[in-house]
Structures are given as structure tokens and as C-alpha cells.
Amino acid sequence: MAGMVLRKTGVVLLTILKWILQAVLVALKLVLGIAKLFLLLLSLVMRIVLTMIGVSVGRR
């Protein structure tokens, strides 16, 4: 009887842990996606600024 209770408790705890880890993974994907978008926009702005001041980017 006690073994069955412990087994069910373990399954419930593993399920909760799985949900928490999935939430963390989704949050991490969101943060990395936002960082990627920010870096792409920063790169675009820097290329425009460098072009405006006459510096050739990557052309030698």
C-alpha cells in the first residue's frame, strides 16, 4: 500500500517537473528569439549608419 502511494507520488512529481521544464524551455526559446531579432535589427541599423558615413562594409 505504501509502495503504491510512493509510486503515484513520484509519477505526479515527475509530471510537474516535466511541465516546469517545458515552461522553462519555451521561455528560453522566446528570449533567444527576441535576442536574435534584436541582433538582426542592430546589424541592419549599423550597416545603414556605416553606409551613410561612407565606410564600406566587408568589401576589400
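Criteria and cut-off values
Residues numbered from 1 in each chain as written. Predicted model: local features only at pLDDT ≥ 70, side-chain atom pairs only at ≥ 80, totals over all residues. Heavy atoms only, no water. Helix = DSSP H or I, 4+ residues; strand = E, 2+ residues; numbered from the N terminus. Buried < 20%, exposed > 50% of the residue type's maximum accessible area, 1.4 Å probe, protein only. Areas by Shrake-Rupley, 256 points an atom, 1.4 Å probe, with all protein chains shown as cover. Patch = residues over 30% accessible without salt bridge, like charges linked within 9 Å, V, L, I, M, F, W, Y side chains within 5 Å. Salt bridge = Lys/Arg side-chain N within 4 Å of Asp/Glu carboxyl O.

Trainee: Describe the overall build of the protein, listing the residues and the values that go with them.
Mentor: A tally of helices and strands in the protein yields 1 helix and 0 strands. In the protein, which comprises 60 residues, the proportion classed as buried is 0%. Summed over all atoms, the accessible surface of the protein reaches about 5900 Å², with 77% contributed by carbon and sulfur.

Trainee: Tell me what's going on with a nonpolar patch on the surface, and back it up with residues and numbers.
Mentor: Residues Leu37, Leu41, Leu44, Val45, Ile48, Val49, Met52, Ile53 and Val55 make up a contiguous nonpolar surface patch of roughly 860 Å² in combined accessible area. With relative accessibility at 42%, the residue Val55 sits in the partly exposed group.

Remember, this is a structural readout, not a statement about activity or role.
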